[in-house]
Structure formats: C-alpha cells, structure tokens
Amino acid sequence: MAKASMDQIKKLRQQTQAGVMEAKKALEESRGDMKKAKEWLKKRGLDKAAKKADRETGEGVIETYIHTNSRVGAMVKLTCETDFVARTKEFKTLAKELAMQVASMNPKDIDELLAQDYIRDSSKKIADLVKEAIAKLGENIKVDDFCQMRI
C-alpha cells in the first residue's frame, strides 16, 4: 500500500465528496491511482447501499418540481430511515433532482425511473444517484412514489 499525500486526498474528496479516511484508504488501496481510487469508492458505496437495502424507511420528504413554462410538474415521495437525514441538504437536493427527472422523462413506474439515464449526467443511472446518496448519508433511501402532470 502506498502512502496517500494530503493533496491527493483533498483532490479525491473534492471530486467524490468522500470522507477523509475513505479517500485516504481508496488512494492507498489503489497505490495513488486516482481513477482506480474513484472506482474503489464507487464499489464500496454500492456495497454499503446493498447492506442497507432491507432497512425500514419511515421518514422522508415530498418534493415538487414545476417547469418554467408551468405546463409540466412532478411530485416525488423520497423516504429514508430518520428525520435527521430527511432534513439534510443532500437528501433534499436528491429529492428535487428526482422530481426534475420525473417531470422531464415521465417514467411509467419506479423501476423505469431507477433504470433511466440521469438527465444531468448520462453516464449515471438514477439508481446510481440514489446509491451514492445512501453511501454518503449512511441510511437506506427509497423512491416510494411519484407522479407527473402536464397540460
């Protein structure tokens, strides 16, 4: 294992929002290779998300998005385990992004929504976006319901 420099850790954290110790471990495991460190963090996040999948989600938010022309709107019910996480900026931002996705892409059901390419970054699926939030916030997160309306 190679020692990670503070500059490398800082750069990786800026790019991934990983914690200091996670970034350091990723860089050490990947021998300082930034690309491999990002892959390591992604895999670790997916593993964390899978472990949390069965946990109860009784808290959350209902978020809306109305397009600027006021002719398309969406509402999303996003749930998590605690009200503490439901009040975080990251959770609320995820809910808003999901509502915007629903307004834009009009998925038929939750499975279709999760399988869609993210409108802001087509290299990611919506499921990946949710899993990243699970890894970062440390709780199970689920899209419970959504609807889209248009005129």
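Please refer to the structure higher up on the page.
Residues numbered from 1 in each chain as written. Predicted model: local features only at pLDDT ≥ 70, side-chain atom pairs only at ≥ 80, totals over all residues. Heavy atoms only, no water.

Student: With reference to specific residues and values, describe the sheet that holds strand E2 (residues 72–80).
Tutor: Strand order in the open sheet formed by 3 strands is E1-E2-E5, and the pairing between neighbours is antiparallel. What marks the edges here is a single partner per strand, and that holds for strand E1 (59–66) and strand E5 (142–150). Each strand of the sheet is rotated relative to its neighbour by a mean of 10°, with strand direction disregarded. Inspection of the sheet shows E2 paired to E5 by 8 bridges, in the antiparallel sense. Bridge pairing in E5 places Thr79 opposite Lys142. (Pairing = 2+ DSSP bridges. Helix = DSSP H or I, 4+ residues; strand = E, 2+ residues; numbered from the N terminus. Axes fitted to C-alpha atoms, helices over the stretch in contact; angles between N-to-C directions.)

Student: Would you mind going over the side chain of Gln116 in detail, with residue names and values included?
Tutor: Along the polypeptide, Gln116 turns up in the loop between helix H6 (110–115) and strand E3 (117–118). Note on Gln116: relative accessible area 11%, which makes it buried. For Gln116, the contacting residues outside a window of four places in its chain are Gln101, Met105, Pro107, Lys124, Lys125 and Ile126. (Buried < 20%, exposed > 50% of the residue type's maximum accessible area, 1.4 Å probe, protein only. Contact = heavy atoms within 4.5 Å.)

Student: Describe the pattern of salt bridges, naming the residues involved and giving the relevant values.
Tutor: Per the stated rule, a full pass over the model turns up 8 salt bridges. A salt bridge links Glu63 to Lys96; the shortest N-O distance between them is 3.5 Å. Highlighted residues: Glu63 in strand E1 and Lys96 in helix H5 (residues 89–105), separated in sequence by 33 residues. Here Glu132 makes a salt bridge to Lys124, at a shortest N to O gap of 3.1 Å. (Salt bridge = Lys/Arg side-chain N within 4 Å of Asp/Glu carboxyl O.)

Student: Provide a residue-level description of unusual backbone geometry, including the pertinent values.
Tutor: The backbone phi angle of Arg31 is positive, close to 55°, even though this residue is not glycine. Its relative accessible area of 64% is what places Arg31 among the exposed residues. For Asn106, which is not glycine, the phi torsion reads 45° and is therefore positive. Relative to the helices and strands, Asn106 resides in the loop between H5 and H6.

Student: Could you give an account of the pairing of strand E4 (residues 121–125), with specific residues and numbers?
Tutor: Two strands pair when backbone bridges link them, and E3 and E4 are joined in this way by 2 bridges, in the antiparallel orientation. The residue of E4 that forms the bridge with Tyr118 is Asp121. Connecting E3 to the antiparallel partner E4 that follows it, the hairpin turn spans 2 residues.

Student: I'd love a proper account of the nonpolar core, names of residues and values included.
Tutor: Grouped burial of nonpolar side chains is what soluble globular proteins tend to show. Core analysis: the largest hydrophobic core is formed by 28 residues, its most contacted members being Val76, Leu78, Phe91, Leu94, Leu98, Ile141 and Val143. Where this core is concerned, the elements lending two or more residues are E1, E2, helix H4 (83–86), H5, helix H7 (126–137) and E5. Grouped together as the second largest cluster of nonpolar side chains are 9 residues, Ala4, Leu12, Ala23 and Ala37 included. (Core = buried A, V, L, I, M, F, W, Y, C linked by side-chain atoms within 4.5 Å.)

Student: Give a detailed account of the pairing of E2, specifying residues and quantitative values.
Tutor: Burial analysis of E2 places 7 of its 9 residues in the buried class, the great majority of the element. Looking at chain direction, E1 and E2 are connected through 8 bridges and run antiparallel. Bridge assignment links Val61 to a residue of E2, and that residue is Leu78. Taking the residues between adjacent antiparallel strands as the criterion, E1 and E2 are bridged by 5 residues, where Ser70 takes a positive phi near 60°.

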